Amino acid sequence: MSTSMVCGFCSTGCALTVQLKDGQAVSLTPTPGYPVNRGMACPKGWEALTPLRAPDRATTPLLRNARGRLEPVGWDVALRTFTSRFQAIQAKHGKHSVAFLSTGQIVSEEMAFLGALAKHGMGMLHGDGNTRQCMATSVVAYKESFGFDAPPYTYRDLEESDVVVLVGSNLCIAHPILWERLARNPHHPAIVAIDPRKTETAMAASVHYALQPKSDLVLFTGLAALLIDKGWIDEAYVNAHTVGFQALRAHVREFSVERVCATTRLSAGQLHALAETIHHGKRVSFWWTMGVNQSHEGVRTAQALINLALITGNLGRPGTGANSITGQCNAMGSRLFSNTASLFGGRSFSNDQQRLDVARILDVPVDRIPQKNSLAYDQIVESILAGKIRGLWIVATNPAHSWINQVDFHEILGRLDFLVVQDMYASTETAQRAHLVLPAAGWGEKEGTFINSERRIGVVKQVARAPGLALSDFRIFQLVAEAWGCGEMFRRWRDPEAVFRILCELSEGQPCDFSGIRDYAMLERAGGIQWPLPKDAPPPASERRLFEDGRFHHPDGKARLIFEKPRPLPEATCARYPFTLLSGRGSSSQWHTQTRTGKSAVLARLHPREIYLEINPGDARRLGIAPNEWVMVVSRRAEIRARAFLTHAVAPGQVFVPMHYADANRLTFSAFDPHSRQPSYKACAVTLRRLDGP
Ligand SMILES: Nc1nc2c(c(=O)[nH]1)N[C@H]1C(S)=C(S)[C@@H](COP(=O)(O)OP(=O)(O)OC[C@H]3O[C@@H](n4cnc5c(=O)[nH]c(N)nc54)[C@H](O)[C@@H]3O)O[C@H]1N2
Ligand SMILES: Nc1nc2c(c(=O)[nH]1)N[C@H]1C(S)=C(S)[C@@H](COP(=O)(O)OP(=O)(O)OC[C@H]3O[C@@H](n4cnc5c(=O)[nH]c(N)nc54)[C@H](O)[C@@H]3O)O[C@H]1N2
Ligand code: SF4
Ligand SMILES: [Mo]
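Residues numbered from 1 in each chain as written. Chains lettered and ligands numbered in written order. Predicted model: local features only at pLDDT ≥ 70, side-chain atom pairs only at ≥ 80, totals over all residues. Heavy atoms only, no water.

Asks: Would you take a moment to explain the overall build of the protein chain for this structure?
Replies: A tally of regular secondary structure across the protein chain gives 26 helices and 26 strands. By the compact-globule yardstick of 26 Å for 694 residues, the protein chain fits well, its C-alpha radius of gyration being 24 Å. Taken over 694 residues, the protein chain has a buried fraction of 65%. Roughly 24500 Å² of accessible area belongs to the protein chain as shown, and the carbon and sulfur atoms make up 51% of that amount. Separation of charge centres in the protein chain, based on 77 positive and 64 negative side chains, amounts to 3 Å. (Helix = DSSP H or I, 4+ residues; strand = E, 2+ residues; numbered from the N terminus. Rg over C-alpha atoms; globule rule 2.2 N^0.38 Å. Buried < 20%, exposed > 50% of the residue type's maximum accessible area, 1.4 Å probe, protein only. Areas by Shrake-Rupley, 256 points an atom, 1.4 Å probe, with all protein chains shown as cover. Lys, Arg positive; Asp, Glu negative; His and termini not counted. Charge placed at Lys NZ, Arg CZ, Asp CG, Glu CD.)

Take a look at the structure:
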């Protein structure tokens, strides 16, 4: 017996075939016919079952006792404590003094349950997720430019482009199967990598532009200036489908070649060559990931890329697009259904009609749906510091490792009156800080759906039993609803598939409308289905892109060309802190804070066990640092030890540390994009010191 389901790590959304014995998983292999991965998987996918069997799984609820130790309790005590502590905080400090932080890594059905339970059931106003750390920039950029958060592409575009521009994306290791798809492109595309580091991707690309960190906005604005100046734009497309071209043209005039070269440290020749490559391409696609999103000016940078695609008419045709690649397996689900930054289905909390629509579909009184937006993640953290938020429920994310500036964050966590952490493992940095740990089933131990980067909805199944008393997040939310006293509100939320039907209804009439999907079986038969698929639509093709008719989601059907002046770096280098610290993914075998991938002996052989720092050999020589030597990396917040890894992949004056080691974010500086409030993880100032002795 075997069954196929979508992988639970990255947003590529590969399908894996799980071999079963007595209904339980024994092994897995990539699914051959699935339109996403076509029989391929990366090391994490192959090892996806291993983390389920780890010895540090949370197998029972844990409650911190009077001596400060976490001690096992039953679900009855856990639920009573959860309810009484949070309700007491709300009674004393107001309903909004309890908040939640969720994730892009549970199924959409669970995300929606958490969002509805917390806000409509428990009366919270504030809830955000780790999608803020990751995709908030793209969400805001798309919403403003296209009128809806709608990544336009399908993966086949990687195979149909003749020019592929990858910006701040290390596709080879962060999305290896997408890289495989690109490698199969029969048109011998020019692959352009734009990244300060010579990454695995940059090495494999046709050309690498090693720009100065955070100079992307200047680069793309300057490129627009060159393209417009030379008349290398698609005027017919601009006139028919965009608004704001005259203003954009006036704005970009200030970005002379000299200015762009001075800021980016690219040569005039490189800039002209890039403009020519784009001009000569017939099907040019622009792809970006965290090198763009995690920036103090990420939204405008993403929009500068969107503008390039729009003014050159590279949208809505095969092999084109302004394409943000997502990160987590269900980041796209969280964008539509977490009920955090937007109301269900990409709606707005401040729109009365949309609140009424949701209230009707969910059969809840409309006054249970907040009229105001939640605070963003960093503002929730600030509110804890200010004593306004005193209770926090964290589900499927590990912010005591992954949030920016850990020195502050750990101090702030200590101020909470009550912290609940719901995770697969009791050993995570965040669970270790909790007053109450709720043991959760993981991927493979429950069912539901994920939405991948190309908007494809795919099914996740139960192929293993959760250990001990661990329960699916779905079941935990049901129990919390009962204990809280709002169980009645969730009578229809019987099981994940019943909730999937509610999600279909919530999507109806929205640009993401997938009300034409009947059930999980239909998704399975089709090999996943991309949104939109409205009711009564003809059977969908296996790959579809958006905006083929040139109509965007603004009322006039046109896209907006949006721009703004570049901003100064929040923490620039100086004489005391002369190095720019970059951070990001280290290898294809490591996932984020390593709570899952850290459990696999196979994956452990594919990456260094200890934290390391990539440094340019010239800088190392100057500072007397030998290969593999332990060095002290010092920022204004903290100093950490890391092994020096000498490599020309980083430019002089820059260093890189992978985010998978907990110390990385002790160095980073709390700075945010003002429009998306996404953390700028990828630039702060550090200095290096040699350590005497071992
Ligand atoms: N193996 C593995 N795969 C993953 C993940 C994982 O943890 N492990 N995580 C998943 C998730 S959630 C995400 S969001 C994606 C992230 O996927 P990516 O964004 O591709 O990964 P990162 O390494 O974070 O960042 C990409 C690149 O941005 C570059 N960069 C830094 N600053 C700048 C800049 O100013 N400009 C430009 N142009 N580039 C810059 C960095 O040098 C880095 O090479 O990966 C997903 N896939
Ligand atoms: N310096 C630096 N920091 C970064 C980044 C960077 O590039 N540089 N990247 C940022 C980005 S893009 C992201 S997405 C974040 C990721 O940051 P996190 O979300 O904190 O990272 P994960 O390790 O994926 O944490 C997921 C947690 O959920 C648990 N879990 C997994 N499955 C389930 C489940 O089904 N149910 C429950 N209840 N729990 C589950 C895991 O055990 C783990 O503890 O990190 C961000 N931090
Ligand atoms: S590329 Fe992503 S979705 Fe595919 S197997 Fe690897 S982690 Fe899973
Ligand atoms: Mo991410």
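What follows continues from the structure just given.
Asks: Just checking my understanding: could you explain the site of ligand 2 for this structure?
Replies: In the vicinity of ligand 2 lie 34 residues, with Gln 105, Asn 130, Ser 402, Asp 423 and Thr 593 positioned nearest. Ser 583 is positioned such that a nitrogen or oxygen atom in its side chain is 2.9 Å from a nitrogen atom of ligand 2. Asn 665 places a side-chain nitrogen or oxygen 2.8 Å from a nitrogen atom of ligand 2. Its free accessible area being 920 Å², ligand 2 has 99% of it covered by the protein chains. Within the residue set of the shell around ligand 2, elements represented by two or more residues are strand S15 (418–423) and strand S21 (579–584). (Near = heavy atom within 4 Å. Polar contact = N/O pair within 3.5 Å; in protein donor to acceptor, adjacent residues only side chain to side chain.)

Asks: Before we go on, may I ask you to explain the nonpolar core in this structure?
Replies: One broad rule of soluble globular proteins: the nonpolar side chains tend to lie buried together. In this structure, Phe 82, Phe 86, Leu 117, Ile 194, Trp 393 and Trp 531 are the most contacted members of the largest nonpolar core, which totals 126 residues. The leading source of residues in this core is helix H9 (residues 216–229), at 10 residues. Counting the residues that make up this core, at least three belong to each of domain 2 (62–129 + 331–530) and domain 3 (136–324). Not counting residues within four places of it along the chain, the set of residues in contact with Trp 531 comprises Phe 148, Asp 149, Ala 150, Met 332, Leu 336, Ile 451, Arg 455, Pro 511, Cys 512, Phe 514 and Leu 546. Of all hydrophobic cores here, the second largest spans 45 residues; its members include Val 36, Leu 52, Ala 54 and Leu 182. (Core = buried A, V, L, I, M, F, W, Y, C linked by side-chain atoms within 4.5 Å. Domains from an automatic or database assignment. Contact = heavy atoms within 4.5 Å.)

Asks: Would you explain the pattern of salt bridges in this entry?
Replies: Pairs can form between side chains of opposite charge once their charged atoms are near each other. Applying the stated criterion to the full structure yields 38 salt bridges. When the shortest N-O distance is used, the salt bridge between Glu 160 and Arg 545 registers 3.2 Å. One end of the pair, Glu 160, is in helix H5 (residues 156–160); the other, Arg 545, is in the loop between strand S19 (529–530) and strand S20 (559–560), with 385 residues separating them in the sequence. (Salt bridge = Lys/Arg side-chain N within 4 Å of Asp/Glu carboxyl O.)

Asks: Just checking my understanding: could you explain the pairing of strand S17 (residues 445–451) for this structure?
Replies: Looking along a regular strand, one sees side chains alternate from face to face of the sheet. Counting buried positions over the 7 residues of S17 gives 6, a clear majority of the element. Two strands pair when backbone bridges link them, and S17 and strand S18 (residues 456–462) are joined in this way by 5 bridges, in the antiparallel orientation. If you follow Phe 450 over to S18, its bridge partner there is Gly 458. Where S17 hands over to S18, the hairpin turn is made up of 4 residues, of which Arg 455 adopts a positive phi near 75°. (Pairing = 2+ DSSP bridges.)

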